[in-house]
Amino acid sequence: QVQLVESGGGLVQPGGSLRLSCAASGNIFRVYDMGWYRQAPGKQRELVASITNAGITNYGESRFTISRDNAKNTVFLQMNSLKPEDTAVYYCHAVVSTNDGFRLSRVYWGQGTKVTVSS
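Residues numbered from 1 in each chain as written. Predicted model: local features only at pLDDT ≥ 70, side-chain atom pairs only at ≥ 80, totals over all residues. Heavy atoms only, no water.

Asker: I'd like to hear about the sheet that holds strand E8 (residues 74-79), residue by residue, with values.
Answerer: Adjacent strands of a sheet pair through backbone hydrogen bonds, lying either parallel or antiparallel. Read across the open sheet, the four strands follow the order E1-E3-E8-E7; overall the sheet is antiparallel. With one partner strand each, in any of the chains shown, strand E1 (2-7) and strand E7 (64-69) form the two edges of the open sheet. Mean inter-strand twist for the sheet, computed between neighbouring axes without regard to direction, equals 15°. Two strands pair when backbone bridges link them, and strand E3 (residues 18-26) and E8 are joined in this way by six bridges, in the antiparallel orientation. What sits directly across from Leu20, in E8, is Leu77. (Pairing = 2+ DSSP bridges. Helix = DSSP H or I, 4+ residues; strand = E, 2+ residues; numbered from the N terminus. Axes fitted to C-alpha atoms, helices over the stretch in contact; angles between N-to-C directions.)

Next up, the structure:
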């Protein structure tokens, strides 16, 4: 019913930058909170950043910047000064109500996009 599609991951050298994008699509009534989580091998999934539909942000990683385009149901993550320890799969997260019945809100996850920081 709702899909989150991430893009922008890849291989980057230490000190480089990447911008991740995540677009929500499907039978959407409204997109509420959106955010990014990451998970490295052998580690727990952790919050990177989140942003409400009103633009209030919350950061687990202060080096990055989260933003969103409500008109496009898209959230971005600008990552600068990347370090090898930033290597992980980054997952988009969103709370979305569907345009069906009671328009219930549910949590959705993207498929993940790989970020590798290495020389």
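Asker: An account of the pairing of E8 is requested, with residue identities and associated values reported.
Answerer: Taking burial as the measure, the six residues of E8 include five buried ones, the bulk of the element. Two strands pair when backbone bridges link them, and E7 and E8 are joined in this way by six bridges, in the antiparallel orientation. Within the sheet, the bridge partner assigned to Ser67 lies in E8 and is Phe76. The turn joining E7 and E8, which pair antiparallel and follow one another in sequence, is formed by four residues; a positive phi near 50° is taken by Asn73. (Buried < 20%, exposed > 50% of the residue type's maximum accessible area, 1.4 Å probe, protein only.)

Asker: Give me the lowdown on the environment of Thr52, citing residues and values where you can.
Answerer: Looking at where Thr52 falls in the secondary structure, it is placed in the loop between strand E5 (46-51) and strand E6 (57-59). Through-space distance from the C-alpha of Thr52 to that of His93 is 12 Å; in sequence the pair is 41 residues apart. Once residues lying within four places of it in the same chain are set aside, the contact partners of Thr52 are Tyr32, Asp33 and Arg68. (Contact = heavy atoms within 4.5 Å.)

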